[in-house]
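# Observations on the model geometry
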Amino acid sequence: MKEQKLIQSLKQGNERAWKMLYALHYQALCALAYNYVGDRLLAEMIAGDAIVHLWEIRARLELHGSLRSYLMTSVRNACMNFLTARRARSEIPMSSLEKDFPDKESFLSETTPLGTLLDKELEKEIKVAVATIPPDSRRIFALSRFYGKSYEEIASETGISVNTVKYHMKRALAHLRSCLGKYL
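Please read these numbers as outputs of a predicted model, since none were measured by experiment. (Residues numbered from 1 in each chain as written. Predicted model: local features only at pLDDT ≥ 70, side-chain atom pairs only at ≥ 80, totals over all residues. Heavy atoms only, no water.)

## Some details on the overall build of the protein
Helix and strand counts for the protein come out as nine helices and zero strands. Listing each helix as α and each strand as β along the protein from the N terminus yields α-α-α-α-α-α-α-α-α. Evaluated residue by residue, the protein yields a buried proportion of 29% over its 184 residues. Entry remark: accessible area of the protein is about 11800 Å², with carbon and sulfur atoms responsible for 55%. (Helix = DSSP H or I, 4+ residues; strand = E, 2+ residues; numbered from the N terminus. Buried < 20%, exposed > 50% of the residue type's maximum accessible area, 1.4 Å probe, protein only. Areas by Shrake-Rupley, 256 points an atom, 1.4 Å probe, with all protein chains shown as cover.)

In structure tokens, the structure reads:
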């Protein structure tokens, strides 16, 4: 399929065109992201996010270059944003506590008051974050994470495509990251 025809099909919401876009560009985008972040799973997430974002903005998409160039620029920018945010974090990593608390595991274990408090706080925050995921995405998230179903099983059970399942999972995980970012 020629690129202009692919773009037109995308704009019209043709899921087959989106799958073709995914097949054509995903591996290259993963490789590019991996070169920046050095983590395969994170690279796959960034590449997938770029493709899903293109799907989300498809109706207003206006390209003045190639589709691949647009996606590569999106992935590069996402990687740079990630690396900048990671550098900017001013939180003290737990590993730095080793010099002050040689036995930090027992200090923060759930048998100590601080450990118990931290566990309860985190559990509460997780419950609130999961409860505030948009309903459709929350259902897909629950089927995947709480019931251990594969994307294919969820798609079959809910009557939606695997790509739509991936979209809802991306949406749910992004929501959780924004709500629980200070704990990550």
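## Considerations on the nonpolar core
Judged by nonpolar contacts, the single largest core of 27 residues is most densely connected at L10, L21 and L67. Contributing elements (two or more residues each) for this core: helix 1 (3–11), helix 2 (15–37), helix 3 (40–56) and helix 4 (67–88). Of all the elements, helix 3 adds the most residues to this core, at nine residues. Each residue touching L21, except ones within four places of it in the same chain, is listed here: L6, L10, Y26, I51, L54, L67 and L71. Formed by 13 residues, the second largest nonpolar core is a distinct cluster that contains I133, L143, L176 and L180. (Core = buried A, V, L, I, M, F, W, Y, C linked by side-chain atoms within 4.5 Å. Contact = heavy atoms within 4.5 Å.)

## Comments concerning the pattern of salt bridges
In the structure shown here, the tally under the stated rule is two salt bridges. Across the pair R40 and E44 runs a salt bridge, and its minimum N-O distance is 2.8 Å. Taken as a pair, R40 and E44 lie in helix 3 at a separation of four residues, close to a single helical turn. R40 sits in the exposed class, given a relative accessible area of 56%. Between E157 and K149 there is a salt bridge; the shortest N-O distance is 2.5 Å. Of the residues examined, E157 reaches a relative accessible area of 40% and is grouped as partly exposed. In this structure K149 comes out as partly exposed when scored by relative accessible area, which is 28%. (Salt bridge = Lys/Arg side-chain N within 4 Å of Asp/Glu carboxyl O.)

## What about helix 3?
Taking 1.5 Å as the rise per residue, helix 3 with 17 residues should run 24 Å; its terminal C-alpha atoms sit 24 Å apart, in good agreement. Where helix 3 is concerned, the buried positions are L42, A43, I46, A47, G48, A50, I51, V52, L54 and W55. Residues of helix 3 that are buried sit in contact with helix 1, helix 2, helix 4 and helix 9 (162–180). In this structure D39 caps helix 3, since a side-chain oxygen of it lies 3.2 Å from the backbone nitrogen of L41. (Expected span 1.5 Å × (residues − 1). Polar contact = N/O pair within 3.5 Å; in protein donor to acceptor, adjacent residues only side chain to side chain.)

## A closer look at the confidence of the model for the protein
The share of residues in the protein with pLDDT of 70 or more is 82%, and the mean pLDDT across the chain is 81. Ranking the elements of the protein by mean pLDDT puts helix 5 (residues 104–107) last, at 50, and helix 8 (residues 151–158) first, at 92. (pLDDT = per-residue confidence, 0-100.)

## Looking at the environment of H168
Structurally, H168 is set in helix 9. A residue is classified by how much of its surface remains accessible, and H168, at 10% relative accessible area, is buried. For H168, the contacting residues outside a window of four places in its chain are D136, S137, I140 and I160.

## A word on the packing of aromatic side chains
Throughout the structure, instances matching the rule amount to two aromatic pairs. Aromatic pair Y22 and Y26: ring centres 4.6 Å apart, planes at 15°, arrangement stacked. Here Y22 and its partner Y26 are both found in helix 2, four residues apart, which amounts to about one turn of the helix. Ring centres of F141 and F146 lie 5.7 Å apart, and the angle between their planes is 85°; this geometry places the pair in the edge-to-face category. (Phe/Tyr/Trp six-rings, centres within 6.5 Å; stacked < 30°, edge-to-face > 60°.)

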